[in-house]
Amino acid sequence: MSDLATAIDNLAAEDPSELPVGLIAEQLIELHWQMARLQAQIARRTHLRAGFDSPASPN
């Protein structure tokens, strides 16, 4: 989770008008993946996916 906080802090400290568009896109993609990993960790820890993993589930 500290990686996510660091990425957010880095983005907040930069002036987007000074950065190449490609670099901004890379940073946003990385931030997206970090957020997705965090959501997956939260789901595992709170058992939100238990219904999908259960053998009795119709999914």
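Residues numbered from 1 in each chain as written. Predicted model: local features only at pLDDT ≥ 70, side-chain atom pairs only at ≥ 80, totals over all residues. Heavy atoms only, no water.

### Considering the confidence of the model for the protein chain
Quick note on the threshold: Values of pLDDT, the confidence the predictor places in each residue, fall between 0 and 100. Put simply, DSSP marks the helices as runs of H or I at least four residues long and the strands as runs of E at least two long, and each gets a number from the N terminus on.
Averaged over all residues, the pLDDT of the protein chain equals 79, while 78% of them reach at least 70. Of all secondary-structure elements in the protein chain, the lowest mean pLDDT belongs to helix α3 (residues 50-53), at 56, while helix α2 (residues 21-46) reaches the highest, 90.

### So, the pattern of salt bridges
Operational definition: Salt bridge criterion: a side-chain nitrogen from Lys or Arg within 4 Å of a carboxyl oxygen from Asp or Glu. Between buried and exposed lies partly exposed: a residue is buried under 20% and exposed over 50% of the maximum accessible area for its type, with that area taken using a 1.4 Å probe on protein chains only.
Applying the stated criterion across every chain, the model contains 1 salt bridge. Across the salt bridge formed by R37 and E30, the nearest N and O atoms sit 3.4 Å from each other. We classify R37 as partly exposed; its relative accessible area is 44%.

### Some points on the side chain of Q34
Here is the rule: Should any heavy atoms of two residues lie within 4.5 Å, those residues are considered in contact.
Within the element layout of this structure, Q34 appears in helix α2. The buried category is assigned to Q34, whose relative accessible area is 13%. In contact with Q34, not counting residues within four places along its chain, are D3, L4 and A7.

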